[in-house]
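Understanding the architecture of this molecule
Residue-level listing of the chains:
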Amino acid sequence: MKKWLLRASFGAAGVIALAVASLTLMGLRDTAGLSTSSIEIDATPETVWPWIDQPDKFKQWVSWVVSVESPNPDVKGVGRKSIVLMKEPSSPEPVRIETVLTDYAPPMRLSADVKFPGLFTGSQTYQLKGLEGGRTRVQLDSRIHYTTWIIRLFEPLGTPSATKKLDQDFAALKRLIEKTSTTAAN
Amino acid sequence: MSRHTFSQALFALAGLSDAEYIAGDLHEEFAMLRAELGSRSAWRWYAWQVLRCLVRPLALRLPAAFLAVAIPLALFDRMWLFVYTQLCAEPVAGLGTINILGLLAGASLLRPGQRRLTMGLLATGLAAGLMIGPAAFPHIISILLSVPAGAAAEQLRKVIV
């Protein structure tokens, strides 16, 4: 019995060590924490821009967003702060994300530092590129750095989920803008 | 596939050690009944016999399957939900399926006849995952945990059942 217990303990420890080593190796890649997504929308950059810049439009297409408030609404552009409350489905409490604009070039580029106290810091950059036929390519590069080591260890698990969420949000953005454009045209 | 081969395969899957003989006997009796009673009655009798043969081994295997797959699967499901809640993210798609496959692969590794095939499939899956890149990392980690868990559960099942 004792031999079996020892074997089981060593086996479990070995499996956990292997998983931790794999997660650590995966977390060492250059693109750790980087989620990128892009989409083409049948609308001009001037039409797309407010959906990224204005809080009331922003919360319509970014999933889980409950509210977006600005502590310094008088600041336009770089330095404007926002508090984004998000209700992640599996979490009982809404999470609070703080953002500060670091680059503001309408209607082409918007960058912000993002911070979730106790979980991560990072940055997000939206880039809009006008295409032929009045279309726009929107790209978002989001880099997250988890602040505690145990959560950082699980980064290889979190980043694919974050990328998938960006893709879903962009699909929603495309639907909303193109639907709005069609309704306005009619 | 002939009726005989099909029922033999079903019996083998259900874990009947003498699947070939049972299927052979049923086949012979089916031929006799068809000559005596006609095709429809013979088929009805045959289907009933096949079902009867399958029920007992499957019923015996249910607790074993519960022990070797359902319990670890439920534990993994809770674990992944916990991990992703800490990351404020939703679990990636396909983790449940990967966990089931990993547990079954782990159990197969303890059966000498299936070991080589399972190792080959696992190596292929791992290589494919690494080629896909970061999007497949959660699935690779899931396999790394679920295969040994499947082997451990199978070992435990052998000791208990």
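Everything below is about the structure printed above this text.
Residues numbered from 1 in each chain as written. Chains lettered and ligands numbered in written order. Predicted model: local features only at pLDDT ≥ 70, side-chain atom pairs only at ≥ 80, totals over all residues. Heavy atoms only, no water.

**Observations concerning the layout of surface pockets**
Residue and element names in this part refer to chain A. What counts is decided by this rule: Cavity and pocket criteria rest on a 1 Å grid covering protein atoms alone: a 1.4 Å probe that fits but cannot get out defines a cavity, protein on both sides within 12 Å along at least 5 of 7 lines defines an open pocket, and an atom within 4 Å of a point defines a lining residue. Grid points are joined across faces, edges and corners, and a volume is the space filled by probe spheres set on the points. Each helix is a run of DSSP H or I of at least 4 residues and each strand a run of E of at least 2, with the numbering of both proceeding from the N terminus. Each residue is assigned to one class: nonpolar for Ala, Val, Leu, Ile, Met, Phe, Trp, Tyr, Cys and Pro, charged for Asp, Glu, Lys and Arg, and polar for all the others, Gly among them.
Taken as a whole, the largest pocket spans an internal volume of roughly 950 Å³. Together, 48 residues line the largest pocket, and Val 62, Met 86, Ile 97, Gln 124 and Lys 165 are the ones closest to its centre. If you tally residues by element for the lining of the largest pocket, the top one is helix α5 (residues 155–185), at ten residues. Classifying every residue of the lining of the largest pocket by side-chain character gives 29 nonpolar, twelve polar and seven charged.

**Points about the packing of aromatic side chains**
The geometry of an aromatic ring pair is captured by the separation of the ring centres together with the interplanar angle, meaning the angle of the planes. Operational definition: Each pair of aromatic rings taken from Phe, Tyr and Trp, with Trp reduced to its six-membered ring, is defined by centres within 6.5 Å and is described as stacked if the planes are under 30 degrees apart, edge-to-face if over 60, and tilted in the remaining cases. Residue exposure (1.4 Å probe, protein chains only): buried if accessible area is under 20% of the type maximum, exposed if over 50%, otherwise partly exposed. By definition here, charges over rings are those cases where NZ of Lys or CZ of Arg is within 6 Å of the ring centre and within 35 degrees of the ring normal.
Throughout the structure, instances matching the rule amount to ten aromatic pairs over all chains. Centre to centre, the rings of Trp49(A) and Tyr104(A) are 5.7 Å apart; their planes meet at 65°, and the pair counts as edge-to-face. Taken together, the residues Trp49(A) in helix α2 (residues 45–53) and Tyr104(A) in strand β4 (residues 95–105) connect sequence positions 55 residues apart. Trp49(A) gets classed as buried once you look at its relative accessible area, which sits at 7%. Given the relative accessible area of 25%, Tyr104(A) is considered partly exposed. Centre to centre, the rings of Trp80(B) and Tyr84(B) are 6.4 Å apart; their planes meet at 50°, and the pair counts as tilted. Here Trp80(B) pairs with Tyr84(B), and both are found in helix α3 (residues 39–86), just four residues apart, close to one helical turn. Each member of the pair, Trp80(B) together with Tyr84(B), is buried. Aromatic ring contacts, followed pair by pair, group Phe58(A), Trp61(A), Tyr126(A) and Phe170(A) into a single cluster. The ring of Trp51(A) carries the charged tip of Lys57(A) above its face, separated from the ring centre by 5.4 Å. Positioned above the aromatic ring of Trp64(A), the side-chain terminus of Lys165(A) is 5.1 Å from the ring centre.

**Some words on the nonpolar core**
Selection criterion: To form a nonpolar core, buried Ala, Val, Leu, Ile, Met, Phe, Trp, Tyr and Cys residues must be joined to one another through side-chain atoms within 4.5 Å. Working rule for contacts: check all heavy atoms of both residues, and any pair within 4.5 Å makes them a contact.
In terms of nonpolar packing, the biggest core is built from 59 residues, with Trp61(A) and Trp80(B) touching the most fellow members. Beyond its immediate chain neighbours, meaning those up to four positions away, Trp80(B) contacts Leu157(A), Leu95(B), Asn99(B), Ile141(B), Ser142(B) and Leu145(B). Listed in part, the twelve residues of the second largest apolar core include Phe11(B), Phe30(B), Ala42(B) and Tyr46(B).

**Focus: the packing of helix α2 (residues 19–37) of chain B against α3(B)**
Residues and elements named next belong to chain B. Cut-off, in case you're wondering: In this analysis, axes come from line fits to C-alpha atoms, helices being fitted only over the stretch in contact, and the angle between any two N-to-C directions falls in the range 0 to 180 degrees. Here the angle decides the label: under 35 degrees means roughly parallel, over 145 means roughly antiparallel, 65 to 115 means roughly perpendicular, and every other value means oblique. Rotating anticlockwise by less than a right angle from the far helix to the near helix defines a left-handed crossing, while the corresponding clockwise rotation defines a right-handed one.
Relative orientation of the contacting elements α2 and α3 amounts to 155°, with a least axis distance of 8 Å. Between α2 and α3, the interaxial angle falls into the category roughly antiparallel. Along this stretch, α2 crosses α3, giving a crossing that reads as right-handed. Between α2, through Ile 22, Leu 26, His 27, Glu 29, Phe 30, Leu 33, Arg 34 and Leu 37, and α3, the contact on the second element is made entirely by Ser 39, Ser 41, Ala 42, Trp 43, Trp 45, Tyr 46, Gln 49, Val 50 and Cys 53. In terms of residue class, the contact of α2 with α3 is built from eleven nonpolar, four polar and two charged.

**Some details on the pairing of strand β6 (residues 120–131) of chain A**
All names here are of chain A. Inclusion rule: When DSSP finds two or more bridges between two strands, those strands count as paired.
Looking at chain direction, strand β5 (residues 109–116) and β6 are connected through eight bridges and run antiparallel. Across the sheet, residue Ala 112 finds its bridge partner in β6, namely Gln 124. Counted between consecutive antiparallel strands, the loop separating β5 from β6 contains three residues, among which Gly 118 sits at a positive phi close to 85°. Two strands pair when backbone bridges link them, and β6 and strand β7 (residues 135–146) are joined in this way by twelve bridges, in the antiparallel orientation. Each residue of the ladder has a partner; that of Thr 121, found in β7, is His 145. Counted between consecutive antiparallel strands, the loop separating β6 from β7 contains three residues, among which Gly 133 sits at a positive phi close to 75°.

Geometric descriptors of this kind do not, in isolation, establish any biological role.
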